[in-house]
Amino acid sequence: MARRKIEEINAGSMADIAFLLLIFFLVTTTMDTDEGIVRTLPQKLPPDYKMEVEINARDVFEVLVNANDQLLVENEYIQIDQLKEKTKEFLTNPSNREGLPIMEEITVERCKEEISRRKEAQEKAEPSLQGILKAEIAEWEDKLAAAEKVGPFKTLPKLAIISLRNDNGTSYKMYVQVQDALQGAINDLRNEWSQRVYQENFTDWSSSKDEDKDKIKIIRAIVPQRIAEQEPKNIPAY
Amino acid sequence: MSKFKKDSGQKGAPGVSTASLPDIVFMLLFFFMVTTVMRETDLKVDVKKPEAEAVTRLEKKSLVDYIYIGPATTKYRSQYGAEPRIQLDDQIATQATEVGGFIQRKRAERDPKDIDFVTTSLKVDEKTTMGIVSRVKHELREVDALKINYSTSKKRVKN
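Criteria and cut-off values
Residues numbered from 1 in each chain as written. Chains lettered and ligands numbered in written order. Predicted model: local features only at pLDDT ≥ 70, side-chain atom pairs only at ≥ 80, totals over all residues. Heavy atoms only, no water. Helix = DSSP H or I, 4+ residues; strand = E, 2+ residues; numbered from the N terminus. Rg over C-alpha atoms; globule rule 2.2 N^0.38 Å. Buried < 20%, exposed > 50% of the residue type's maximum accessible area, 1.4 Å probe, protein only. Contact = heavy atoms within 4.5 Å. Areas by Shrake-Rupley, 256 points an atom, 1.4 Å probe, with all protein chains shown as cover. Buried area = accessible area lost by both parts, 1.4 Å probe. Salt bridge = Lys/Arg side-chain N within 4 Å of Asp/Glu carboxyl O. Polar contact = N/O pair within 3.5 Å; in protein donor to acceptor, adjacent residues only side chain to side chain. Pairing = 2+ DSSP bridges. Axes fitted to C-alpha atoms, helices over the stretch in contact; angles between N-to-C directions. Patch = residues over 30% accessible without salt bridge, like charges linked within 9 Å, V, L, I, M, F, W, Y side chains within 5 Å. pLDDT = per-residue confidence, 0-100. Phe/Tyr/Trp six-rings, centres within 6.5 Å; stacked < 30°, edge-to-face > 60°. Lys NZ or Arg CZ within 6 Å of the ring centre and 35° of its normal.

What to know about the overall build of chain A
Helix and strand content of chain A: six helices and nine strands. The C-alpha atoms of chain A give a radius of gyration of 27 Å, which is well past the 18 Å a tight globule of 238 residues would have. Over its C-alpha atoms, taken along the principal directions, chain A stretches across nearly 105 × 50 × 40 Å. Across the 238 residues of chain A, 39% fall into the buried class. Across chain A, every contact between residues at least 6 apart in sequence was considered, and the portion connecting residues at least 24 apart equals 68%. On chain A, roughly 14700 Å² of surface is accessible, and the fraction owed to carbon and sulfur atoms is 51%.

Describing the interface of chain A and chain B
Taken together, the contact between chain A and chain B spans 53 residues of the former and 63 residues of the latter. With both chains or domains summed, chain A and chain B bury close to 5300 Å², and 60% of this area falls on carbon and sulfur atoms. Of all residues in chain A, Asp34(A), Tyr172(A) and Tyr238(A) give up the largest surface area on contact with chain B, accounting jointly for 19% of the area buried on that side. At the surface where chain A touches chain B, the tally comes to three salt bridges. For Glu231(A), the salt bridge is made with Arg141(B), and the minimal N-O distance between the two is 3.3 Å. Summed over the shared surface of chain A and chain B, the number is 22 residue pairs in polar contact (both at pLDDT 80 or more). Those elements giving two or more residues to the side of chain A that touches chain B turn out to be helix H1 (12-28), strand E1 (29-30), strand E2 (35-40) and helix H5 (172-198) of chain A.

Some remarks on the sheet that holds strand E9 (residues 227-230) of chain A
Residue and element names in this part refer to chain A. Judged by pairing direction, the sheet is mixed, and its five strands sit side by side in the order E5-E4-E3-E8-E9 without closing on themselves. Edge positions in the open sheet fall to strand E5 (76-78) and E9, since each of these has one partner strand only. For this sheet the average axis-to-axis angle between neighbouring strands, irrespective of direction, equals 25°. Bridging between strand E8 (residues 161-166) and E9 involves four bridges; their strand directions are parallel. Counterpart to Leu 164 in the pairing with E9 is Glu 229. Lying on the sheet, helix H2 (residues 80-92) is in contact with strand E3 (60-65), strand E4 (71-73), E5 and E8; it crosses E3 at an angle near 165°.

Some words on a nonpolar patch on the surface
Together, Phe19(A), Ile23(A), Leu26(A), Val27(A), Leu21(B) and Ile24(B) make up a nonpolar patch on the protein surface, roughly 530 Å² of accessible area in all. Per-element accounting of the nonpolar patch gives the leading share, four residues, to H1(A).

Some details on the pairing of E3(A)
Residues and elements named next belong to chain A. Two strands pair when backbone bridges link them, and E3 and E8 are joined in this way by six bridges, in the parallel orientation. Looking at E8, one finds that Val 63 is bridged to Leu 164. Examined bridge by bridge, E3 and E4 share three bridges and lie antiparallel to one another. Bridge pairing in E4 places Leu 64 opposite Leu 72. Connecting E3 to the antiparallel partner E4 that follows it, the hairpin turn spans five residues, and Asp 69 within it adopts a positive phi of roughly 60°.

Quick look at the confidence of the model for chain A
With 95% of its residues at a pLDDT of at least 70, chain A reaches an overall mean of 85. Considering each helix and strand of chain A separately, the mean pLDDT is smallest for E1(A), with a value of 66, and largest for H5(A), with 92.

Re the side chain of Thr120(B)
Residue position: Thr120(B) is located in strand E7 (residues 119-124). The class of Thr120(B) is buried, set by a relative accessible area of 1%.

Digging into the packing of aromatic side chains
Residue and element names in this part refer to chain A. Applying the stated rule across the entire model yields eight aromatic pairs over all chains. Between Phe 153 and Trp 193, the aromatic rings sit 6.5 Å apart at their centres with planes inclined by 70°, giving edge-to-face as the arrangement. On the criterion of sequence distance, the pair formed by Phe 153 in strand E7 (residues 153-155) and Trp 193 in helix H5 is long-range, its members being 40 residues apart. In this structure, Phe 153 and Trp 193 share a single accessibility class: buried. Ring geometry for Tyr 198 and Trp 205: centres 5.5 Å apart, planes at 80°, overall edge-to-face. In terms of burial, Tyr 198 and Trp 205 fall into one category: buried. The ring of Trp 140 has Lys 143 sitting right over it, with the charged end atom 4.5 Å from the ring centre. A cation over a ring is seen here: Arg 196 above Trp 193, with NZ or CZ 4.3 Å from the ring centre.

Written out as structure tokens, the structure is:
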């Protein structure tokens, strides 16, 4: 007599079990990628610290938001939808207007000169200054790389900043809108440059990809992002 | 004779085999297991993130700490009131100074070489006022956790 064929194992319930697990993972996990506006806070300073450098009033773009969510930019009341254009004007000063920063011309020669001057200084400098000099050299090296790539360009002077101050009563929604407009202005200018140089968008690049890292450095050297968030005068207790 | 007849007679098409179904489901399962991270905290505050356009995506989730600020959920409202609260991990903080301790605790769990790359993501309800946010920012500065991210949701296009 021929042997009976072994019957197939019924795998129907396996699917059910797998589904159960699947549903468990679907429910317990998060898919949303966290998006937002990235900022670096200023370092904590010693209490007796005094700023030594004097900053020109024309080099500061002052943005104030009060408790009623009103916006005062360079001593002028404006609406939130005007902020982006205003910021762009500050960052580029296309018509050399009085009251806006004077753009610095960056050329290859100038970069080389600045780097060699700092390297000389570094040899004699005290250890406390070494860090600053090193950072400055790195900064000029980035500018050099940019100038070699795109030719001479104009950029914001070193001390020019966007200063953002809010009130304790400002709503977070408004604050984010202001930050969004400032970031939007910088992103637009950076995209303009990256389109011109690489025919790509700056905002599409990712800092975790090696091939994008140098490109990001160059565009950042041309359009720096300097947003200083001032601490409100009295922070409430919690 | 009858032996052969039996087979050819009544049956139509054989039933569709469902044996590959578990494989497909398992594949999906593994996909989810790999691409997702376990939700680590139980939200005790309501957070409706504000909308923004010029956003950056946070890439390394393992290098992000979250701080939630918003009014307590209905379940906890009787206990904490309607004022915005700070949630760290699973707890609602009673004092802002706990933020520093929280960051240091998180730091201790991490690889020391990663510490400079850690971002603190602030998930704040849009109706919150900046006072409490500034307070948290101040505390973050105190412990040198300077990279922050104002978490937002993508702006919906209005027609």
